[in-house]
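# Descriptive analysis of the structure
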Amino acid sequence: MSKGEKENKKKSGMKKKLTLGRVMMYVLLIIAAFIFAAPMLFTVLSSLKTKVEIFQEPFGLPEVIQWGNYIEAWTEANMGVYFVNSIIQSLATVILLAVVSTMAAYVLARFDFKCNKFLMLFFTLGMMVPMHTVLVPISYLISALSLKNNIPALILIYTAFSLPFSIIVVTSFMKGVNRSLEEAALIDGASYFQIYKNVMLPMTVPAISTISIFNFLSAWNNILFPLLFINDKKLKPVALGLLNFNGERGSDYGPLMAAIVITVAFPLILYLLFQEKVEGGLAAGAVKE
């Protein structure tokens, strides 16, 4: 057998191995996708069925689509009110975090001063503090200041816990922005605030999109702080409203599944719409110029 034939045989063997490896990878990915999608599929189908159909055919299609489950969950279970409350709280948290974190990150990324490294370490340590360890002091402060059933106080708590992560991500991204842009702006007579607003913010949009999605999901899904500090039904977020609905009418599975879909659908759609920006923001922060 000639050398050329041997090389061709080796190449064909390698191609077969690669093809077999890809097939196995795709099979595993399909199985994993089904495992993760099955609970959501069951929830969506169950939200359109009667209670009897849910138990008889868990993954079967409904004979008659029960849109009334969504109407009942939205009106009688007050999911509409809770949904609006969650949007207001989550959006306010996202906006506040975007402003504060970008300002702090600009200073940490672009100015050299004595406490720079200490502040970065301080914020890094802030990410390591579990929220359960500070429940007692926060509860004491909320009670002492009479801030129960106070939405701005709840937003400030969300902001405090998400701020370290936001600052670290945006700082990492800003360090990769070319300094020649700032130098050109300084030569043109721009102030540092104008550079921050007109140069750094537009350049940092991918990082801002990344932290905004994570912060929105964190605020939307948070149930611990509203459970402790929000007693007024008119102010409860959707996650806490779902918990109460489960306790009050846990056996009414059709409307309960509809309420779960209402709770999950909005952040899921939001994440899917901005998925590329989230991944791009995380990856771009690792590239330095």
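Every value quoted in this text rests on a predicted model; they were computed, and no experiment measured them.

Turning next to the confidence of the model for the protein chain. When pLDDT drops low, the exact placement of atoms in the prediction is not to be read closely. Across the protein chain, pLDDT averages 83, with 89% of residues at or above 70. Helix α4 (residues 79–110) holds the highest mean pLDDT among the elements of the protein chain, 92, whereas helix α14 (residues 275–284) holds the lowest, 62. Within the model, the stretch residues 285–289 combines pLDDT values under 50 with eight contacts to residues more than four positions away or in other chains.

How two helices pack is summed up by the angle between their axes together with the distance between the axes. Close contact between α4 and helix α7 (residues 151–174) brings their axes to 7 Å; oriented N to C, the two are set at 40 degrees. Classified by the angle between their axes, α4 and α7 sit oblique to one another. Considering only the axes of α4 and α7, their crossing is right-handed. Its residues assigned to classes, the contact of α4 with α7 shows 18 nonpolar, eight polar and one charged.

Listed as buried for helix α9 (residues 192–203) are Ile195, Tyr196, Val199 and Met200. Down the axis of α9, the buried side of the element spans an arc of 125 degrees, and every buried residue falls inside it. Exposed side of α9, more than 90 degrees from the buried face: Phe193 and Asn198 are the residues found there. Where α9 is buried, its residues meet α4, α7 and α8 (179–187).

Procedures and definitions
- Residues numbered from 1 in each chain as written.
- Predicted model: local features only at pLDDT ≥ 70, side-chain atom pairs only at ≥ 80, totals over all residues.
- Heavy atoms only, no water.
- pLDDT = per-residue confidence, 0-100.
- Helix = DSSP H or I, 4+ residues; strand = E, 2+ residues; numbered from the N terminus.
- Contact = heavy atoms within 4.5 Å.
- Axes fitted to C-alpha atoms, helices over the stretch in contact; angles between N-to-C directions.
- Parallel < 35°, antiparallel > 145°, perpendicular 65-115°, else oblique.
- Left-handed = near helix turned anticlockwise from the far one by under 90°.
- Nonpolar A, V, L, I, M, F, W, Y, C, P; charged D, E, K, R; others polar.
- Buried < 20%, exposed > 50% of the residue type's maximum accessible area, 1.4 Å probe, protein only.
- Arc of directions from axis to C-beta.

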